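Below are the chains, spelled out letter by letter.
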Amino acid sequence: MKNLELSIDNVFKFVSKDSIFDLKDKVINIIKSLHDKTGRGNDFLGWVNHPSLISEEEISKIEKISSEIKNNNIEFFVVIGIGGSYLGTKAVYDALSDNFIQLKKDHGHPKLLFAGHNIGEDYLSELLDILDNKKYALAVISKSGTTLEPAIGFRILRKHLIKQAGEAKAKDLIIAITDPVKGILRAMVGKTISNSFEIPPDIGGRYSVFTNVGLVPLAVAGFDIRTFIKGAKDMQKQTGPDIPFEENPAAIYAATRYSLNKTHKKIEILANFENRLHYLAEWWKQLYAESEGKVGKGIYPTSVDFTTDLHSMGQYIQEGERSIFETIISVKKTKRKMVIPEEETDEDKLNYLAGKRIDEVNKMAEKGTIKAHVDGGVPNIHIELPELNEYYLGQLMYFFEIACGTSGYLLEINPFNQPGVEEYKKNMFALLGKP
C-alpha cells in the first residue's frame, strides 16, 4: 500500500527550509517522549501505541456484536456522544459513505444517526419522529456518564426505545462504551444495559477514534475496522522516534506549523476539495483547538470546503489579513467516474470541457487555487491521499494525532487536558440550579 504524501514546498517562500529542519532534533526528541510517556500529560498518552496493541479478541468481540445487530434487522444505530465521542466516527462515516446514504433504503447495514452532541429540543424531537416504529439500537459513549448533552440524549432515547421495544428488548439494544470500572454508565451495565465496551482510562476523547469509541459504531455501519486499524498502525511506524526527521511526515508537519506560527501566522485553515471530508475537518478542529489552545498560545484551527467556499471565504483567504496559512487535503482517485458531455448547440458555452472528467476540472481548480493563494501571501501545506478508504483515513487520522501531540510539546504546554472547557459548565450548572 502507498502512504499519504506531505509536501511543504509552498511554505519556503515564507519561512526558510533551514528554520524548519533546524528543529529536527527537538522534534524527534519530543516524539520519543510521547512514546516513552515522559512528557506533560503522560497519564493520557495511551493513544500513542494503541493501534498496535488492539487484540484479536477485542476486534472479534466488536465484529460479533455488529453482526448480531445487522442480523436483527436494525435499520438505525444511534451514536450518543459529544466531541471526541462522536466526531471521529462521524468523520469516517461521512468520508466513506454514499453522499445520499440516508435516502437509500437497501443499504445492507444499519445507518448511523447521531445524538447527544447538542442540546437541541427540535433536533431530539425530530430524531424521535424518524425513529418512531423503526428498529434501532443505541450506543451511549461517555467515560463518566455525566456529560450533560449525551446524558440528556440517552435519557430521552432510552425511554423512547423502552416504550417501543419493551424493557427487556431495549436492554439488549443498548451498548455502553464507557470507563472500565467506574461511572454512571458502568453501574448500569448488567442491570439496564446488557452490552458494554471499555474506553481506556489513559486515552482522552479527541484521541479515541481508534478505540471502541470509534471502532464499534464503524463496524456496525459495515466498515472494515481491521483495515482502518492497519492504516493507523502503519502510520505509527512511519512517524515513530526511530524514523529520521526527513522521512517523518508528522514531524515535518509539526515543525512547519511551529515555524509559520513564529512568523505570526496564527490561523491554520484545513481545506479540502472533496466534500466528504467536511466532518474530518470538524474532528481535526477539536483535536487541535482543545490540544493547543491554552495559556494564550496555539494556532487557531478553522476549515473550508472547496470549491464551494471559494465563493465565500475565498475572498478573505486571497486578500484578507496575512495571518493565515492553509493545509490542503487532496484525494488522488475518486470512487466514481463521470465525463462532461458535449452539446451540439453549446448554448451554455461548456463544450471546451466536453470529454473531461468532473474530477479533472476539480483538480485544475485545486492547482489554480493553490497558486493563487501562495501568490497572494498564504503559505500552503499539501497532503495527498491516494484514495478515500479505511486504510488511508486510518493513516491520516493517526498522522494528525501524533503531529498534534508534537505541536503541543513544541509550544511547551500540556496538549492532553482541556481546563478551559469547564468554565462554561460551572456557569450553566449554577443557572440550572444543579445541587
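Residues numbered from 1 in each chain as written. Predicted model: local features only at pLDDT ≥ 70, side-chain atom pairs only at ≥ 80, totals over all residues. Heavy atoms only, no water.

Undergrad: Explain the environment of Ile267 here, please?
TA: For Ile267, the position within the fold is in strand S7 (residues 267-272). Taking the C-alpha atoms as reference, Ile267 lies 28 Å from His35; in sequence the two are 232 residues apart. In contact with Ile267, other than residues within four places in its own chain, are Ile299, Tyr300, Thr302, Ser323, Ile324 and Phe325. (Helix = DSSP H or I, 4+ residues; strand = E, 2+ residues; numbered from the N terminus. Contact = heavy atoms within 4.5 Å.)

Undergrad: Is there a simple way to explain the side chain of His50 in this structure?
TA: Its location among the elements puts His50 in helix H3 (residues 50-53). A distance of 3.5 Å separates a polar side-chain atom of His50 from the backbone oxygen of Phe210. For His50, the residues in contact, after removing those within four places along its chain, are Pro200, Ile203, Phe210 and Thr211. (Polar contact = N/O pair within 3.5 Å; in protein donor to acceptor, adjacent residues only side chain to side chain.)

Undergrad: In this structure, what is going on with the pattern of salt bridges? I would like to understand it.
TA: Two side chains of opposite charge can pair, provided their charged atoms sit close to one another. One pass over the structure, following the stated rule, counts 16 salt bridges. One salt bridge connects Lys90 with Asp94, and the closest N-O pair in it is separated by 3.3 Å. Of this pair, Lys90 and Asp94 both sit in helix H5 (residues 87-96), four residues apart, roughly one helical turn. When its relative accessible area of 16% is taken as the criterion, Lys90 is described as buried. (Salt bridge = Lys/Arg side-chain N within 4 Å of Asp/Glu carboxyl O. Buried < 20%, exposed > 50% of the residue type's maximum accessible area, 1.4 Å probe, protein only.)

Undergrad: Hey, could you run me through the sheet that holds strand S4 (residues 136-141) in this one?
TA: If you walk across this open sheet you meet the five strands as S3-S2-S4-S5-S6, and the pairing is parallel. The strands lining the two open edges of the sheet, one partner per strand, are strand S3 (111-115) and strand S6 (195-198). Averaged over all pairs of adjacent strands, the angle between strand axes in this sheet comes to 20 degrees, irrespective of strand direction. Across four bridges, strand S5 (residues 174-178) lies against S6 in parallel orientation. Residue pairing across strands places Ala176 opposite Ser196, the latter belonging to S6. Against the sheet, helix H4 (residues 56-71) makes contact with strand S2 (76-80), S5 and S6, and its axis sits at roughly 145 degrees relative to S6, the strand it touches most. (Pairing = 2+ DSSP bridges. Axes fitted to C-alpha atoms, helices over the stretch in contact; angles between N-to-C directions.)

Undergrad: When you look at a positive patch on the surface in this model, what are you seeing that I'm missing?
TA: Together, Lys26, Arg40, Lys262 and Lys297 make up a positively charged patch on the protein surface. By secondary structure assignment, the location of Arg40 is in the loop between helix H2 (24-36) and H3. Note on Arg40: relative accessible area 48%, which makes it partly exposed. (Patch = residues over 30% accessible without salt bridge, like charges linked within 9 Å, V, L, I, M, F, W, Y side chains within 5 Å. Areas by Shrake-Rupley, 256 points an atom, 1.4 Å probe, with all protein chains shown as cover. Lys, Arg positive; Asp, Glu negative; His and termini not counted. Charge placed at Lys NZ, Arg CZ, Asp CG, Glu CD.)

Undergrad: Teacher, can you tell me more about the layout of surface pockets here?
TA: The gaps left among the atoms become clear once a water-sized probe is rolled over them. Of the volumes computed, that of the largest pocket is approximately 1,100 Å³. Lining the largest pocket are 40 residues; nearest its centre among them are Ile82, Thr147, Gln418, Val421 and Lys425. Looking at the lining of the largest pocket, the elements that each hand over two or more residues are helix H7 (148-165), helix H13 (278-292) and helix H17 (421-432). When residues of the lining of the largest pocket are assigned to their parent elements, the largest contribution, seven residues, is made by H17. Here the residues of the lining of the largest pocket are counted per class, giving 16 nonpolar, 14 polar and ten charged. As a volume, the second largest pocket reaches approximately 870 Å³. Taken together, 29 residues form the lining of the second largest pocket, with Asn99, Glu274, Asn275, Thr334 and Ile358 sitting closest to its centre. Where the lining of the second largest pocket is concerned, the elements lending two or more residues are strand S9 (324-333) and helix H15 (358-375). Per-element tally for the lining of the second largest pocket: the top contributor is H15, with six residues. For the lining of the second largest pocket, the class distribution of residues is nine nonpolar, seven polar and 13 charged. (1 Å grid on protein atoms, 1.4 Å probe; cavity = no way out; pocket = protein on both sides within 12 Å on 5 of 7 lines; lining within 4 Å. Points joined across faces, edges and corners; volume = space filled by probe spheres on them. Nonpolar A, V, L, I, M, F, W, Y, C, P; charged D, E, K, R; others polar.)

Undergrad: Could you clarify how one ought to interpret the environment of Val374 in this entry?
TA: Looking at the secondary structure, you find Val374 in helix H15. Val374 sits in the buried class, given a relative accessible area of 8%. As for Val374 and Lys230, which are separated by 144 residues in sequence, their C-alpha atoms are 35 Å apart. Look past the residues within four positions of Val374 in its chain and what remains in contact with it is Asn10, Lys13, Phe14 and Asn380.

Undergrad: When you look at the sheet that holds strand S1 (residues 5-10) in this model, what are you seeing that I'm missing?
TA: Strand pairing in a sheet is mediated by backbone hydrogen bonds. Such pairs are either parallel or antiparallel. Strand order across the open sheet formed by five strands is S1-S10-S9-S7-S8, with mixed pairing between neighbours. The open sheet has two edge strands with one neighbour each: S1 and strand S8 (300-305). Within this sheet the neighbouring strands show an average axis-to-axis angle of 20 degrees, counted without direction. Sheet analysis places S1 next to strand S10 (residues 380-387), joined by four bridges and oriented antiparallel. Bridging from a neighbouring strand, Ser7 pairs with His382 of S10. Against the sheet, helix H12 (residues 249-262) contacts S1, S7, S9 and S10, and its axis sits at roughly 30 degrees relative to S1.

Read these as spatial facts, not as claims about activity.
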